[in-house]
Amino acid sequence: MKRVHRKIVGGVVMCGCAVFTLYGASHIAEKAENGAVPVSITDTEEALPIIILDAGHGAST
């Protein structure tokens, strides 16, 4: 019986977290100019490019 109670409480907590996340995302979408939820905090003008250096080993040439 204790295991069933733990699973029910765990499910309620997970559902509460999901509802809270969706509630927050809807408020962000309301404030956005086109109704989209942003995927990052920084703009594309402010983001620095990422340079990946390949070790090579003859396979990349």
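Our structure is the block above this text.
Residues numbered from 1 in each chain as written. Predicted model: local features only at pLDDT ≥ 70, side-chain atom pairs only at ≥ 80, totals over all residues. Heavy atoms only, no water.

Some words on the overall build of the protein
Here is the rule: Helix and strand assignments come from DSSP, with helices taken as H or I runs of at least 4 residues and strands as E runs of at least 2, each series counted from the N terminus. Exposure categories follow from relative accessible area, calculated using a 1.4 Å probe and restricted to protein chains: below 20% of the type maximum is buried, above 50% is exposed, and the middle band is partly exposed. Computed with the Shrake-Rupley method and a 1.4 Å probe, the accessible areas treat only the protein chains shown as cover for residues.
When its secondary structure is counted, the protein shows one helix and zero strands. For the protein, the residues scored as buried account for 3% of the 61 residues in total. Here the protein has roughly 6,200 Å² of accessible surface; of this, 67% comes from carbon and sulfur atoms.

Topic: the state of the cysteines
The following threshold applies: Throughout, disulfides are identified as pairs of cysteine sulfur atoms within 2.5 Å of each other.
One pass over the structure, following the stated rule, counts zero disulfides. Left unpaired, Cys15 is separated from the closest cysteine sulfur, that of Cys17, by 9.3 Å. For Cys15, a relative accessible area of 47% puts it in the partly exposed group.

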